[in-house]
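As a plain string of letters, each chain reads:
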Amino acid sequence: MTPKPPATPAARRHRGWRAAGVLALAAVLGLAFWGYTTPDMQIHWENLAALCGF
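As the structure is a prediction and not an experimental result, all values here were calculated from the model. (Residues numbered from 1 in each chain as written. Predicted model: local features only at pLDDT ≥ 70, side-chain atom pairs only at ≥ 80, totals over all residues. Heavy atoms only, no water.)

Digging into the overall build of the protein chain
Step number 1: Tallying secondary structure elements over the protein chain gives 2 helices and 0 strands in all.
Step number 2: Taken across its 54 residues, the protein chain has 6% of its residues classed as buried.
Step number 3: If you sum the accessible surface of the protein chain, you get close to 5000 Å²; carbon and sulfur atoms cover 71% of it. (Helix = DSSP H or I, 4+ residues; strand = E, 2+ residues; numbered from the N terminus. Buried < 20%, exposed > 50% of the residue type's maximum accessible area, 1.4 Å probe, protein only. Areas by Shrake-Rupley, 256 points an atom, 1.4 Å probe, with all protein chains shown as cover.)

Here it is, written out as C-alpha cells:
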C-alpha cells in the first residue's frame with residue numbers, strides 16, 4: 001500500500017468553509033429552536049428567512 005499524499009491547501013480551505021457552514025447552520029437552527037422553547041423570545045421562521053435574505 002502506498003501512503004496517502006497530504007491534503008492540498010485548496011482541499012483544506014474547502015474543508016474549512018464546509019465546517020464553518022455546518023457550524024453556522026447549527027447555530028441558526030439552535031437559536032430558532034431556543035426561540036420556540038422560551039416564551040419571552042419568539043423567533044418566527046419568516047423573520048429568520050428575512051434576515052438570511054430569502
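Let us keep going from here.
Observations regarding a nonpolar patch on the surface
Step number 1: A contiguous nonpolar patch, built from Leu 25, Leu 29, Tyr 36 and Trp 45 and spanning about 440 Å² of accessible area, is present on the exposed surface.
Step number 2: It is helix H1 (residues 9-37) that provides the largest number of residues to the nonpolar patch, a total of 3 residues. (Patch = residues over 30% accessible without salt bridge, like charges linked within 9 Å, V, L, I, M, F, W, Y side chains within 5 Å. Salt bridge = Lys/Arg side-chain N within 4 Å of Asp/Glu carboxyl O.)

Don't take any of this as a statement about function, it's just geometry.
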